[in-house]
Amino acid sequence: AVVSTQSTGEEEGPVDRAVLKEKEAEISALKEKLAAESKMLGDMKDRYLRALADGENVRNRAKKELEDSKVFSIQSFAKDLLPVSDVLEKALESVGEEDRQGNATLANLHEGVSLTYSQLHQVFKRHNLVKIEPMGEVFDPIYHEAMFQIPDPSKTPGTVCNVVQSGYILQSRSIRPAKVGVVKET
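Described below are features of the structure shown in this document. Everything quoted here is computed from the prediction, not taken from an experiment.

Details of the side chain of R176
Counting through the fold element by element, R176 comes out in strand 5 (residues 173-176). Here D86 takes part through its side chain, which lies 2.8 Å from a polar atom of the side chain of R176. One polar contact links the side chain of R176 to the main-chain carbonyl oxygen of S166, over a distance of 2.6 Å.

Looking at the sheet that holds strand 4 (residues 167-170)
What the 3 strands build is an open sheet, ordered 1-4-5; its pairing is antiparallel. Where the open sheet ends on each side, the last strands, each with one partner, are strand 1 (129-132) and strand 5. Along the sheet, successive strands turn relative to each other by an average axial angle of 35 degrees, direction set aside. Here strand 1 runs beside strand 4; their pairing, made up of 4 bridges, is antiparallel. Within strand 4, the position partnered with K131 by the bridge is Y168. Of the strands in this sheet, strand 1, strand 4 and strand 5 are in contact with helix 2 (residues 75-94), which crosses strand 5 at around 55 degrees.

Description of the pattern of salt bridges
Here the structure, examined in full by the defined rule, presents 9 salt bridges. For E97, the salt bridge is made with R100, and the minimal N-O distance between the two is 2.3 Å. Taken as a pair, E97 and R100 lie in helix 3 (residues 97-102) at a separation of 3 residues, close to a single helical turn. With a relative accessible area of 46%, E97 lands in the partly exposed category. For R100, a relative accessible area of 18% puts it in the buried group.

Notes on the side chain of T159
Relative to the elements of secondary structure, T159 occurs in the loop between strand 2 (144-151) and strand 3 (160-165). On the basis of relative accessibility, which here comes to 12%, the residue T159 falls in the buried class. Polar contacts involving the side chain of T159 include one to the main-chain carbonyl oxygen of T156, which spans 2.7 Å. Those residues in contact with T159 that sit more than four places away from it in its chain are G136, E137, V138, F139, G181, V182 and V183.

Digging into the pairing of strand 5
Where strand 4 meets strand 5, 3 bridges bridge the pair, whose relative direction is antiparallel. Note on strand 5: the bridge partner recorded for Y168 is R176.

What to know about the sheet that holds strand 6 (residues 178-184)
One open sheet holds the 3 strands; their spatial order is 2-6-3, and the pairing between them is mixed. Of all the strands in the sheet, just strand 2 and strand 3 have a single pairing partner and so form its edges. Taking each pair of neighbouring strands and ignoring which way they run, the sheet shows an average axis angle of 30 degrees. Both strand 2 and strand 6 contribute to a ladder of 7 bridges, which runs parallel. Across the sheet, residue Q149 finds its bridge partner in strand 6, namely V182.

Quick notes on the packing of aromatic side chains
What the rule picks out here adds up to 1 aromatic pair. Where F124 meets Y168, the ring centres are 5.8 Å apart and the plane angle is 80 degrees; that geometry is what we call edge-to-face. With F124 in helix 4 (residues 104-126) and Y168 in strand 4, this pair connects stretches of sequence that are 44 residues apart. For Y168, a relative accessible area of 0% gives the class buried.

Conventions we followed
Residue numbers run consecutively from 1 along every chain, following the written order of its sequence. Only residues with pLDDT of 70 or above have their local features reported here, since the model is predicted, and side-chain atom pairs are shown and tallied only from 80 upward, although totals for entire chains, interfaces and linings are computed over all residues. As a rule here, side-chain values cover all heavy atoms of the structure and leave hydrogens and water aside. For helices the rule is a DSSP run of H or I covering at least 4 residues; for strands it is a run of E covering at least 2, with both sets numbered from the N terminus onward. N or O atoms closer than or at 3.5 Å make up a polar contact, with two conditions inside protein: a donor-capable atom paired with an acceptor-capable one, and, for residues adjacent in sequence, both atoms drawn from side chains. Only strands joined by at least two bridges in the DSSP assignment are considered to pair. Lines fitted to C-alpha atoms define the axes here, with helix axes fitted over just the stretch in contact, and angles between the N-to-C directions of these axes take values from 0 to 180 degrees. Two residues qualify as a contact provided that any one of their heavy atoms is within 4.5 Å of a heavy atom in the partner residue. Any carboxyl oxygen of Asp or Glu that lies within 4 Å of a side-chain nitrogen of Lys or Arg is treated as forming a salt bridge with it. Three exposure classes are used, based on accessible area relative to the maximum for each residue type with a 1.4 Å probe and protein chains only: buried under 20%, partly exposed in between, and exposed over 50%. Geometry of aromatic contacts follows a simple scheme: Phe, Tyr and Trp rings, the Trp one being its six-membered ring, pair when their centres are within 6.5 Å, and the pair is stacked under 30 degrees between planes, edge-to-face over 60, tilted otherwise.

Structure below.
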């Protein structure tokens, strides 16, 4: 008895369909898995790029803060020297030319105070500490502190007409606003 291994075609149809459905289900599952993995990869790439950007921002911020700390590290020291400059300036203003001509000792003392004042302001300039000269400028609350108002129809309202105390700027940052009188609208 010989058994034929040839198929009649009827047996293969249902087997092929079942295998085909099984393979389609496998393909569908793999496609879903691929889509999920692709989405997860996209999310991870996005998080990675955001982390890189955050790291770069932190580095830039730290670099800026370091530069600012170098530039403004002398700020409190400079503020402490401003009253010294004020005292020297008042000392120079208090001795008139007539007083100096009649008294050699006073003239020498005035010259010494003047040289000290000049030297101090050279140091200020070297460290970018600049004296504000606001007379006639438009009032700016960042650089000026209004102490009083004066009605003066001959001048533009809102301009500085009197300086009580000089102000100073360190690297474009106001460390002491100038105390001023401002022209009032009449």
